[in-house]
Amino acid sequence: MPEPATQTEYWNSDVGERWVTMQAELDRVFAPLTAALLDAASLRSGERMLDIGCGCGETALLAAERLGAGGAVTALDVSRPMLARARARPATGAPITWIEADAQIHAFAPGHDLALSRFGVMFFEESRAAFANIRQALRPGGRLVVLCWRALTENEWVSLPRDAVLGVVPAPEPPPPGGPGPFRFADGAALAELLAQAGFTGAAVAPVDRAIAIGDDIGAATRFAVTVGPVAGLLRELDDPALRERAVAAVRAAMPAEGPVRLGAACWLATAFNPG
Ligand SMILES: C[S@@+](CC[C@H](N)C(=O)[O-])C[C@H]1O[C@@H](n2cnc3c(N)ncnc32)[C@H](O)[C@@H]1O
């Protein structure tokens, strides 16, 4: 399958559709990471929040509940299918405005108390300009709270199935440094520096490590690993169905044998403030 030229095309391709199909599963798997993000956000009743790259809506919906009817959530994404899913989900608490737009250049209303993101900020083509644009949407003292992946090698939920696939197919070219991708901010110090360059103050980057249950058994875990995320990306490029089948079988064989499959996930939780 030819690679989409832009991130907007990518997230509007079959990739976005897969995230929709897997929405409930993804939100269950990522729940321990989501909890860490929401705890760090310290949401207060009545606050106005932005959700950057909100996808199928999980963090916007959970935050709206916590912010209550006096708060407000603006949730933005470039993916039409994922936004359609988000809009269709039941919501309570703060009203949510779903917007199809590019966070790098969208003319946000100013004055938000915080901007939050679960795995939505690593896909910018122009990261510094994007963070500067998001900062201008915050009131003076407003906060940025984002979760992103550490290095691939620290994320067993990706490296274990990926190593299995690479036993069957050749390794792809590494992505260009600084380009969009899930591991774009593997270097936490560089992320803090980038936030400072975008005009934020007090940037802090803290590790979050959790075991995530990617499936109740080997079959479910294999389906998860080959349907969404970086390993799905590797398989997506395989035109030969027999080779694809061998790669999926290799992933299945690599999974731990008994019971629910729990693998390590390693993230950075980055916080920073708009000096105003
Ligand atoms: C890994 S998904 C995470 C989605 C969601 N936050 C979640 O945790 O389920 C990354 C999301 O970022 C969105 N995205 C990528 N680039 C974007 C941009 N420039 N502006 C807004 N959203 C973007 C994608 O469409 C996708 O929904």
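Scroll up to find the structure this text is about.
What you see is a predicted model; the values in this text were computed from it and never measured.

The rules we used
Residues numbered from 1 in each chain as written. Predicted model: local features only at pLDDT ≥ 70, side-chain atom pairs only at ≥ 80, totals over all residues. Heavy atoms only, no water. Axes fitted to C-alpha atoms, helices over the stretch in contact; angles between N-to-C directions. Helix = DSSP H or I, 4+ residues; strand = E, 2+ residues; numbered from the N terminus. Parallel < 35°, antiparallel > 145°, perpendicular 65-115°, else oblique. Left-handed = near helix turned anticlockwise from the far one by under 90°. Contact = heavy atoms within 4.5 Å. Nonpolar A, V, L, I, M, F, W, Y, C, P; charged D, E, K, R; others polar. Pairing = 2+ DSSP bridges. Near = heavy atom within 4 Å. Polar contact = N/O pair within 3.5 Å; in protein donor to acceptor, adjacent residues only side chain to side chain. Areas by Shrake-Rupley, 256 points an atom, 1.4 Å probe, with all protein chains shown as cover.

Further remarks concern the packing of helix H7 (residues 127-135) against helix H9 (residues 188-197). Direction vectors running N to C along H7 and H9 enclose 55 degrees, while the axes themselves pass 8 Å from each other. Judged by the inter-axis angle, H7 sits oblique to H9. When the axes of H7 and H9 are compared, the crossing they make is right-handed. Contacts between H7 and H9 involve Ser-127, Arg-128 and Phe-131 on the former and, on the latter, Leu-191, Leu-194, Leu-195 and Gln-197. Of the residues in the contact of H7 with H9, the class split is four nonpolar, two polar and one charged.

Time to look at the sheet that holds strand S2 (residues 72-77). Taken in spatial order, the seven strands make up an open sheet running S3-S2-S1-S4-S5-S7-S6, and their pairing is mixed. Two strands close off the open sheet at either side, each with one partner strand: strand S3 (96-100) and strand S6 (201-215). Pairs of neighbouring strands in the sheet enclose a mean axial angle of 20 degrees, with direction left out of account. Bridge count between S6 and strand S7 (residues 261-273): twelve bridges; the pairing is antiparallel. From the neighbouring strand, Gly-215 faces S7, where its bridge partner is Val-261. Across the sheet, H7 is in contact with strand S1 (48-52), strand S4 (112-118) and strand S5 (138-149); its angle to S5 comes to roughly 140 degrees.

Further remarks concern the side chain of Gln-7. Mapped onto the fold, Gln-7 is located in helix H1 (residues 7-11). Aside from chain neighbours lying at most four places away, what touches Gln-7 is Phe-123, Glu-125 and Pro-180.

Around the ligand, the structure places 19 residues, and the nearest of them are Gly-53, Asp-77, Asp-102, Ala-103 and Arg-118. Within the backbone of Ala-103, a nitrogen or oxygen atom sits 2.9 Å from a nitrogen atom of the ligand. A distance of 2.5 Å separates an oxygen atom of the ligand from a polar side-chain atom of Arg-118. Within the complex, the protein chains bury 97% of what would otherwise be the 590 Å² of accessible surface of the ligand.

Read these as layout, nothing more, since geometry by itself doesn't imply function.
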